[in-house]
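Notes for the structure review
Below are the chains, spelled out letter by letter.
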Amino acid sequence: MNEKRRASPMRPAALGLTTLLFFVPACSEKPQEDFSLPSKENLYEYSIAVARRARSLVPRERERALFNIGSVHERFGMNEKAVALFREGLKVNPVTVDAYLSLAEIYSLTNRGSEAIKACHMALRYDPAAKGAWTRIGQVLAHMQRHEEAIEAFRTEIRHKTSDAWTHANLGISCKALELWKEAAAAYRAAIELEPDRSEALYGLAEALRRLDKGEQANSYLERWKAVKKDQERKDLANRKNADNSDRQRKDAALTWLDAAELFTQEHNRAVNNSQRQARFLNLAGDAVEETLQLDPANRTAHIKRMDIVSRSGTAAELITATSQAASSMPDDPFFSLKLAEAHLRALTSGKGNPSIHAVAAQKAVRKTLTLSPEHAEANGLLAEILINFGAKDASTLREVLTYAKNAVNYSKIPNATAYNLLARTYFEAGLLEEARETLEEGIRRLPAQDRVGREDLQKKLAQLKQRLPGNN
């Protein structure tokens, strides 16, 4: 905290944590008298102090505090200290699912397979949808050469719709071990769909296809694997040259501040009837996020949390600053360029600032999103909306709007009223009233049954449109 704070979009000057701490009694577990943070020269000791400081500010959350301090030990390789704290936290509250999952990870990495499986099952007992628990069970079973059971574990994760590319890749590995080449190929393909550069899935698919006598396809995936491997080796070499010895530890210390930010946010949410307490803990959460980004400027979660805090308590200009910093830190992430476009639109609708500047900036940001992710349904719809509301009124622009509005409908995984309304409006602006009618009718047919409000909105728009059709005047 002695270092100069980086410029923040959240507030001009936040009240320091050190001052606040002297007004809050410490938790009975290991009470402290000195709440000042040590030097960052030893990031392990520094992180422990950060976690304990957060515990002192929110003493009622003892089990979460124990978990957060245990997480510091785990990140810095002090596994047994972490295990002891996770277990102590579970005595306070046996329903701390994160603690079971962290125990499972440590147990699996230290050849305690049966204990890892037991910890995963405890997590699933309290949260049947605990993401990654069945995958961890499958990995442990595969390590024990129990591949048939491992396959069932991976497929259970998939059935629960909590799987990721790593789940499917591991399923492929276990299928390969049993020489189930068709099933292995399907699993590897699923992994590649989720992560196109997943190297073990590319190599595994090439091998499976070769075993299935599909040599030409196998060669194609092998070439892709070689390209990905070469690129990964280049990046690894660059990282080794550029990274200093403390880079990993700085990222780990940043996660401790992020844990503290989450703790403060939860306390803010609880204080619904106390505006002063809400403001205090929102301020503390903001401070913790800024400390996170000082240590790890490209921490994605911290940028998202900062944007959330600013959207609650900041101005439109501050939100633009926060989203701009996030987009600059992660230029290849379409999420942040889309949020930057939305921030400019928020400023535009608020009536503050120069409207033409915000309209142009919003359009530029959303086009960047579509460059990174051309089939992004929301971004296609947003660009169509920007162009129809703030763009030129010529035929060329209208054709462009129609293209993006169609994309918004076609790329939506779940049909939604907003996309259909936008496309119908675009047809209407172009004078294509029959096409507008057909679009609204299609939307009414395709919207999910539970979207009653959306369907009613489309029906209302359809009734209004029919009054404008020839023969209804």
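Scroll up for the structure.
Residues numbered from 1 in each chain as written. Predicted model: local features only at pLDDT ≥ 70, side-chain atom pairs only at ≥ 80, totals over all residues. Heavy atoms only, no water.

**Some details on helix H19 (residues 377-390)**
Just so we agree on the cut-off: Secondary structure elements are defined from DSSP: runs of H or I of at least 4 residues count as helices, runs of E of at least 2 residues count as strands, and each element is numbered from the N terminus. To estimate how far a helix should extend, the number of its residues minus one is multiplied by 1.5 Å. Any two residues whose heavy atoms approach within 4.5 Å at even a single point are treated as in contact.
If you check H19, its first and last C-alpha atoms are 20 Å apart, about what 14 residues at 1.5 Å a residue would give, namely 20 Å. Buried-residue contacts for H19 involve helix H17 (334-350), helix H18 (355-372), helix H20 (395-411) and helix H21 (417-429).

**Some thoughts on the side chain of Thr-162**
Note the cut-off: For every residue, the accessible area obtained with a 1.4 Å probe (protein chains only) is divided by the maximum for its type, and the residue is called buried under 20%, exposed over 50%, and partly exposed between those limits. Polar contacts, as used here, are pairs of N or O atoms within 3.5 Å; protein pairs need one atom able to donate a hydrogen and one able to accept it. Residues neighboring in sequence count only if both atoms are side-chain atoms.
Within the secondary structure layout, Thr-162 lies in the loop between helix H8 (147-159) and helix H9 (165-177). A relative accessible area of 12% means that Thr-162 is categorised as buried. A distance of 2.4 Å separates polar atoms of two side chains, one belonging to Thr-162 and the other to Glu-157. Aside from chain neighbours lying at most four places away, what touches Thr-162 is Ala-129, Lys-131, Gly-132 and Glu-157.

**Topic: the environment of Val-97**
Mapped onto the elements, Val-97 comes out in helix H5 (residues 97-109). Relative accessible area serves as the criterion here: at 15%, Val-97 is assigned to the buried category. Distance from Val-97 to Arg-346, taken between C-alpha atoms, is 38 Å for residues 249 residues apart in sequence. Not counting residues within four places of it along the chain, the set of residues in contact with Val-97 comprises Ala-123, Tyr-126, Asp-127 and Ala-130.

**Considering the side chain of Ser-47**
For Ser-47, the location among the structural elements is in helix H2 (residues 43-57). A relative accessible area of 1% means that Ser-47 is categorised as buried. Excluding its chain neighbours within four sequence positions, the residues that come into contact with Ser-47 are Val-72, Phe-76, Ala-253 and Thr-256.

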